[in-house]
Amino acid sequence: MLFLVAALLLLGVVVGAAAHLPLPVTLVAAVAIGCWLLFYGLRRHRIDTSQNTTSYRGGEAR
């Protein structure tokens, strides 16, 4: 629950800051964050598919 409160507080700060920044600066920041999320997601997907995912479920492979 505390994590949710912190995430919503951070979201409010970021949205509030974006409201006061010029549009080009906001768009550059949005593209940078989007690229970071894309690369992170692709890296996680590649790591997850290269490993045996049964260990994450807590069970043994049958």
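Residues numbered from 1 in each chain as written. Predicted model: local features only at pLDDT ≥ 70, side-chain atom pairs only at ≥ 80, totals over all residues. Heavy atoms only, no water.

1. Notes on the overall build of the protein
Next up, step 1: Looking only at helices and strands, the protein has two helices and zero strands in total.
Next up, step 2: When burial is assessed residue by residue, the protein has 2% of its 62 residues classed as buried.
Next up, step 3: With an accessible surface of roughly 5800 Å², the protein has 73% of that area assigned to carbon and sulfur atoms. (Helix = DSSP H or I, 4+ residues; strand = E, 2+ residues; numbered from the N terminus. Buried < 20%, exposed > 50% of the residue type's maximum accessible area, 1.4 Å probe, protein only. Areas by Shrake-Rupley, 256 points an atom, 1.4 Å probe, with all protein chains shown as cover.)

2. Observations regarding helix H1 (residues 2-20)
Next up, step 1: In this model, H1 (19 residues) spans 28 Å end to end at C-alpha, consistent with the 27 Å of a helix rising 1.5 Å per residue.
Next up, step 2: Sparse coverage of H1 is indicated by the burial of zero of its 19 residues. (Expected span 1.5 Å × (residues − 1).)

3. Here's the deal with the packing of aromatic side chains
Next up, step 1: For the structure on display, the rule yields one aromatic pair.
Next up, step 2: The interplanar angle of 15° and the centroid separation of 5.9 Å between the aromatic rings of Trp-36 and Tyr-40 together place this pair among those described as stacked. Of this pair, Trp-36 and Tyr-40 both sit in helix H2 (residues 23-50), separated by four residues, roughly a single helical turn. (Phe/Tyr/Trp six-rings, centres within 6.5 Å; stacked < 30°, edge-to-face > 60°.)

4. Looking at a nonpolar patch on the surface
Next up, step 1: Judged by side-chain polarity, Met-1, Leu-2, Leu-4, Val-5, Leu-8, Leu-11 and Val-15 come together as a nonpolar surface patch covering roughly 780 Å² of accessible area.
Next up, step 2: For Val-15, the position within the fold is in helix H1. (Patch = residues over 30% accessible without salt bridge, like charges linked within 9 Å, V, L, I, M, F, W, Y side chains within 5 Å. Salt bridge = Lys/Arg side-chain N within 4 Å of Asp/Glu carboxyl O.)

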